[in-house]
Amino acid sequence: MGNDLIQIGSGVPPGAAAVVAPRAPEFSPAIAANGKSFYIETFGCQMNVHDSEKLAGVLMARGYRPVETHDDADIILYNTCSIREKAAQKVFSRLGAFRKSRRSPPSGVAAQKIIGVLGCVAQQEGEKFFERAPQVSLVCGSASYAKLPELLDQLESGNRRVKGLDLDTEDCFETEFTRRDNRFRAYLTIIEGCDQRCAFCVVPMTRGPERSRSGAKIVADCRRLVDQGFTEIQILGQIVNAWQDPSPAHWSFAELLGRVAEVPGVCRVRFTTSHPRYFTPDIVAAIDSHPALCDQIHLPVQAGSTPVLARMLRGYTREEYLEKIHFIRQSRRPISLSTDIIVGFCGETEQDFEQTLSLLAEVEYDQVFSFKFSTRPNTSAQNFADNVDEEEKGRRLTVLQEAQRQIQWRRNQALVGETFEVLVEGYQPRLLQAVGRTTSNRVVNFPGAPEDIGRYMQVKVTSAGPNSLVGERIAI
Ligand code: SAH
Ligand code: F3S
């Protein structure tokens, strides 16, 4: 996510990639190399991270080899994010730096590089990109990724500029070749796009309309992932609980969660991002009855004031949101809650902001991702008066984050002495510490070894900070 992403919590968005996890094994050596290499830089959310995994898989299946730096690559792809203004600016600064380095290419090889811009900024800027950054020869939005092989063929046959910008595609880009970055935790897209059109959000314009994959195909994918050694599945969608089974089986979203959780070998299932409007009690019932479904729900509220929510076109009031929290809290399991909040949305008064603070105090989230509002092109909020100045947005963000920090600290302190199962996701050699995650998505550091990565272990919490826990392993 962008520079202005401020996370109070583990330091990664719910379910995002771990710090030191190992890469998945290299792609099958049976594929003939074509002598060319690629490098993908990814900006943004875990949906973008997973799109890059799919893109890498498609390229590798065509014989391209992944490399670790821009300099070594024949094809450089930027998978971009435009959710906030700063995120969108990043890609232009990358391209600017590349232009400078092209003035003095070390060997002349640089001049032959193919530079492609993918994802939200590509979709948003469209063909204008070629004028703004003449060094770019491929522009492709996420709704058109299925066309990437075709676009590469066009480039290889000498076309200077190729584009894939259709939004009205039926495709939900899925590929058997996906090269997952983590060996134990697999992202799996079940729905692409979003039809909600929240007033601040660029996603419906950059990712296109909602398209769901069939439940049976999703479950089949999960079985394959287990065969490949993955034990945690993270189900993804911009509006994941709006998933609708396009097959005659017509499973509900809650039913799908149960089916995925029941796949033999699946130990953990997370899903993100849920929209409050479609968040129904049967989802909590599914969590209650399937131990593999994690004790974690990410339910973006965006604001605590009903008038602001109405201007945001979120489709619920403060009270309706709190009803959802109420039935989540009635679960038999200690479900941890996280949310997204925007401060300084158009017309947000001090009283509105205080409503957000009071919602924070009432819900007591375990993690909050908070952002200053920034106007995005082609959104309805673009036509509203953005009357909260930057300084005031900054102040509100600081106040909110400090309030949340205190809440998290208190909630984490209450866990000292308790024992949790953690999936070890990484190892910090300098500290000789393993880094694990509880089912509630809390990060726990404890003395361990590199071989612990990928294992499930019991860890007793010995101390707690606002963003993570410290523990010791318990033998059982
Ligand atoms: N699909 C998810 C979120 C998409 S973007 C959902 O339905 O909630 C992730 C978060 O970025 C949003 O939840 C929102 O809090 C924030 N965000 C989106 N547009 C923004 C904007 N224009 N300015 C600031 N924050 C924004
Ligand atoms: Fe964006 Fe709202 Fe959809 S935040 S992704 S338009 S639910």
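Residues numbered from 1 in each chain as written. Chains lettered and ligands numbered in written order. Predicted model: local features only at pLDDT ≥ 70, side-chain atom pairs only at ≥ 80, totals over all residues. Heavy atoms only, no water.

Participant: Now, about the pairing of strand 11 (residues 232–236): what can you tell me, with residues and values included?
Facilitator: For strand 11, the tally of buried residues reaches 5 of 5 residues, placing the bulk of the element in the interior. Judged from the 5 bridges that link them, strand 8 (residues 185–189) and strand 11 form a sheet pairing that is parallel. Each bridged residue has a counterpart across the sheet, and for Leu-188 the counterpart in strand 11 is Ile-235. In this structure, strand 11 lies alongside strand 12 (residues 268–272), joined through 5 bridges in parallel fashion. The residue of strand 12 that forms the bridge with Leu-236 is Thr-272. (Buried < 20%, exposed > 50% of the residue type's maximum accessible area, 1.4 Å probe, protein only. Helix = DSSP H or I, 4+ residues; strand = E, 2+ residues; numbered from the N terminus. Pairing = 2+ DSSP bridges.)

Participant: Could you give an account of the site of ligand 1, with specific residues and numbers?
Facilitator: With respect to spatial proximity, 14 residues lie near ligand 1, and among them Arg-84, Gln-238, Gln-302, Asp-340 and Ser-374 are the closest. Side-chain polar atom of Arg-84 to an oxygen atom of ligand 1: 2.8 Å apart, as the coordinates give it. Separating a nitrogen atom of ligand 1 from a backbone N or O atom of Phe-200 is a distance of 3.1 Å. For ligand 1, the protein covers 94% of the area, taking 540 Å² as the surface of the free molecule. (Near = heavy atom within 4 Å. Polar contact = N/O pair within 3.5 Å; in protein donor to acceptor, adjacent residues only side chain to side chain. Areas by Shrake-Rupley, 256 points an atom, 1.4 Å probe, with all protein chains shown as cover.)

Participant: Requested: an account of the site of ligand 2, with residues and values cited.
Facilitator: Taken together, Cys-194, Gln-196, Arg-197, Cys-198, Phe-200, Cys-201, Val-203, Pro-204, Gln-238, Ile-239, His-275 and Arg-314 make up the full set of residues adjacent to ligand 2. Tallied by class, residues from the shell around ligand 2 come to 7 nonpolar, 3 polar and 2 charged. (Nonpolar A, V, L, I, M, F, W, Y, C, P; charged D, E, K, R; others polar.)

Participant: Lay out the environment of Ile-335 in plain terms, naming residues and giving numbers.
Facilitator: Within the secondary structure layout, Ile-335 lies in the loop between helix 11 (318–329) and strand 14 (336–343). C-alpha of Ile-335 to C-alpha of Asp-295: the two residues are 40 residues apart in sequence and 4.3 Å apart in space. Beyond its immediate stretch of four places on either side in the chain, Ile-335 contacts Val-284, Ile-287, Asp-295, Gln-296, Ile-297, Ile-328 and Arg-329. (Contact = heavy atoms within 4.5 Å.)

Participant: So what's going on with unusual backbone geometry? Residues and values would help.
Facilitator: The step from Thr-272 to Thr-273 runs through a cis peptide bond, and the omega angle for that step is 10 degrees. Locating Thr-273 in the fold gives a position in the loop between strand 12 and helix 9 (281–289). A positive phi angle, close to 55 degrees, is found at Glu-364, a residue other than glycine. Tracing the backbone shows Glu-364 in the loop between helix 12 (350–363) and strand 15 (367–372). Residue Glu-364 is classed as partly exposed on the basis of its relative accessible area of 23%.

Participant: Describe the packing of helix 12 against helix 13 (residues 390–413), naming the residues involved and giving the relevant values.
Facilitator: Helix 13 packs onto helix 12 with a crossing angle of 15 degrees between their chain directions and a minimal axis gap of 10 Å. Compared by their axis directions, helix 12 and helix 13 come out roughly parallel. In the crossing of helix 12 with helix 13, the sense of the turn from one axis to the other is right-handed. Here Glu-350, Phe-353, Thr-356, Leu-357, Leu-360 and Ala-361 of helix 12 lie close against helix 13, whose contacting residues are Glu-392, Arg-395, Arg-396, Val-399, Leu-400, Ala-403, Gln-404 and Ile-407. Per-class residue counts for the contact of helix 12 with helix 13 are 8 nonpolar, 2 polar and 4 charged. (Axes fitted to C-alpha atoms, helices over the stretch in contact; angles between N-to-C directions. Parallel < 35°, antiparallel > 145°, perpendicular 65-115°, else oblique. Left-handed = near helix turned anticlockwise from the far one by under 90°.)

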